[in-house]
Amino acid sequence: MKIGNGFNNATANMYLHAQLAPGVRVQLTSYLSARRHNETWVKDGFLQIDESPIDVPLLNAIMEYTTLKIGHFEINYGDFHFRRTDNGQALYNPFVGNLILDAFTTEVGTEAIVQKNGVFGVVALTNGEIRGNIQRPDSREPALMLKAGFDRQLSDDLRVRLSGSYRTQKGAISNSFYSGDRAGSRYYFVLENYVATESANPTSGLLNPGFSDAVSAVMLNPFVKYRGLEFFGVYEQATGRGQEVGGVAPPERDIKQLMGEVLYRFLPGEKLFVGGRWNTVTGDLGGASTDITVTRTNFGGGWWITPSLLLKAEYVNQTYDGFATTDIRNGGRFRGLMLEAVTAF
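Presented here is a report on the structure given in the accompanying data block. Note that the structure is a prediction, hence the values are computed from the model and not measured. (Residues numbered from 1 in each chain as written. Predicted model: local features only at pLDDT ≥ 70, side-chain atom pairs only at ≥ 80, totals over all residues. Heavy atoms only, no water.)

**A word on the pairing of strand 5 (residues 106-116)**
Let me state the cut-off plainly: Whether two strands pair comes down to DSSP finding at least two bridges between them. Secondary structure elements follow DSSP: runs of H or I no shorter than four residues count as helices, runs of E no shorter than two count as strands, and numbering proceeds from the N terminus.
As defined by bridge partners, strand 4 (residues 66-74) adjoins strand 5 across nine bridges and the pair is classed as antiparallel. Residue pairing in the sheet places isoleucine 70 in a bridge with threonine 110 of strand 5. When strand 5 meets strand 6 (residues 119-126), the two strands line up antiparallel, connected through eight bridges. Bridging from a neighbouring strand, threonine 110 pairs with leucine 125 of strand 6. What sits between the antiparallel neighbours strand 5 and strand 6 is a turn of two residues, in which asparagine 117 has the positive phi angle 55°.

Below you can see the structure in the form of C-alpha cells.
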C-alpha cells in the first residue's frame, strides 16, 4: 500500500457510570468511532464492588481491602495496559503507538483485587475469549490470571512500583489474548497489501503470534520515578499454539518481548515531557517464518495544554527480520513522524 502524509480518522470513547449503592457501581464503555469498527461498538460492561452491600462485619472487613469486578471487562494482565492507548483514550500513553506484542482483550468473568499499604494481589477467572460461548465445550478451558506487586511513594521525590503477572489457558475456540484490540493500530496501512482496508486490516505494525488455542504468559513491569525522571519497563515471555488441524495439535512455540521507556517531565506541573521507547519482539511464528525479530524505536514528547488536553509528537522507526520470503513483512521497515491531539471530559 502506498502511503504518505495525511490524517488518521478521529476516534472516540464514551464511558457511562452509574452508582447503584455505596461502593457498588456499573461501568459501560463504548467505542463511538474506531479503525476496526466505524460504528458504535460496546467494549465492556461490568459491576465493580468496593464495599459490601450487606452489612455483615466479616464482609465489611474483607471489602475494606478488596475490589471485585464481575461482568465483561478489560483483563488486568501486566501494567502496560494502564499506559496504552485504548482507541479514543490516549491520555496515559506518552507516545502514539502501543506495544508490538499487545496483550489486550476483554473477557467475561470475575476479578478480585486485594491491596493494603501499597502491596496488592489480583486473581481473575474468565472464559478466555472475547465473547461468551456455550458451543464446543470440549474445546474450551477457563483462563486463570494471577498478579502481585507493590507501589510505594518512598519519599516526596521517589516512587517505585514492581508487578508480576501470570496468565494461562489450556484451550480455546478463538483465543484473543494477543488479538483482542477492537480499536486497531495508529500506524495505518504500514506494510499492508495494496487491497488492504482500515477495518479488515486493523493491526498494521503489530504482531500476532497466532496463539489462538492455548497460551501461557508472564509479564514483569518495573516502574521508577525520581522527580521528573521516569522509567517503565516490560519483560514478557509467552508460550502457546494455534488450533488443531485434523485432530492434531501443532507444536508449542515461544515468543519474548522487551520494552524500556524513559521520560523526563518538566516545568511546573510537569506540563512538558520528552522521552524515548525501545521495543523488540523475538520468537517463533511457526510455518516458514521462524526466529523472527521486530524492533521499534520511538522518540517524542508532549505538552499538557490543560489537564484534559494533550498534544503529542513522536518519530517512529520499525524493522522486520527473519520473516519468510513469501511474507509481505520480509525485510520490511516503516518510519515517520506522527502528531496526536487528545482530549477527555
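**Here's the deal with the layout of surface pockets**
Using the following cut-off: The method works on a 1 Å grid over the protein atoms by themselves. A cavity is a set of points holding a 1.4 Å probe that cannot get out, a pocket is an open set with protein on both sides within 12 Å along at least five of seven lines, and residues with an atom within 4 Å of a point line them. Grid points are joined across faces, edges and corners, and a volume is the space filled by probe spheres set on the points.
Empty space within the largest pocket amounts to approximately 1300 Å³. Taken together, 38 residues form the lining of the largest pocket, with Asn8, Arg186, Met338, Leu339 and Glu340 sitting closest to its centre. Residue assignment for the lining of the largest pocket shows that the elements contributing at least two residues are strand 1 (12-21), strand 14 (309-321) and strand 15 (333-343). Of all the elements, strand 15 adds the most residues to the lining of the largest pocket, at ten residues.

**Observations concerning the pairing of strand 2 (residues 24-33)**
Across nine bridges, strand 1 lies against strand 2 in antiparallel orientation. Looking at strand 2, one finds that alanine 18 is bridged to valine 26. Two successive antiparallel strands, strand 1 and strand 2, enclose a turn made up of two residues, where glycine 23 displays a positive phi of approximately 80°. Direction of pairing for strand 2 relative to strand 3 (residues 41-49): antiparallel, over a ladder of eight bridges. Pairing of threonine 29 across the sheet is with aspartate 44, part of strand 3.

**Regarding the nonpolar core**
Heads up, the condition is: Think of a nonpolar core as a cluster: buried Ala, Val, Leu, Ile, Met, Phe, Trp, Tyr and Cys residues, connected wherever their side-chain atoms sit within 4.5 Å. Burial status follows relative accessibility: with a 1.4 Å probe on protein chains alone, a residue under 20% of its type maximum counts as buried, one over 50% as exposed, and anything between as partly exposed. In what follows, residue pairs with any heavy atoms lying within 4.5 Å of each other are defined as contacts.
If you look at the biggest cluster of nonpolar residues, it comprises 36 residues, and the most contacted ones within it are Tyr77, Phe177, Tyr178, Leu207 and Ile255. Those elements that place two or more of their residues in this core are strand 6, strand 9 (214-226), strand 10 (229-241), strand 11 (253-266), strand 13 (292-306), strand 14 and strand 15. Of all the elements, strand 9 adds the most residues to this core, at four residues. Apart from residues no more than four positions distant in its own chain, leucine 207 is found in contact with Ile100, Leu101, Ile255, Val281, Leu285, Ile292, Val294, Phe323 and Arg329. In terms of nonpolar packing, the next biggest core, distinct from the first, is built from eight residues, Ala90, Phe273, Trp304 and Val342 among them.

**Some details on a nonpolar patch on the surface**
Inclusion rule: Nonpolar side chains (Val, Leu, Ile, Met, Phe, Trp, Tyr) are joined into patches within 5 Å and like charges within 9 Å, using only residues with over 30% relative accessible area and no salt bridge. Each accessible area value is a Shrake-Rupley result obtained with a 1.4 Å probe; residue values ignore everything except the protein chains displayed when judging cover. Salt bridge, as used here: a side-chain nitrogen of Lys or Arg that lies within 4 Å of a carboxyl oxygen of Asp or Glu.
Residues Val123, Leu125, Leu144, Leu146, Tyr166, Val218, Leu220 and Tyr235 make up a contiguous nonpolar surface patch of roughly 630 Å² in combined accessible area. Turning to its location among the elements, leucine 125 is positioned in strand 6.

**Here's the deal with the pattern of salt bridges**
Under the counting rule described, the total for this entry stands at 21 salt bridges. Across the pair aspartate 79 and lysine 147 runs a salt bridge whose closest N-O atoms are separated by 2.9 Å. Placement of the pair is aspartate 79 in the loop between strand 4 and strand 5 and lysine 147 in strand 7 (residues 143-153), with a sequence separation of 68 residues. Here lysine 147 falls in the buried class, since its relative accessible area comes to 4%. Two residues, arginine 241 and aspartate 213, come together in a salt bridge whose shortest N-O distance is 3.3 Å. Of the two residues, arginine 241 is situated in strand 10 and aspartate 213 in the loop between strand 8 (158-169) and strand 9; the sequence distance between them amounts to 28 residues.

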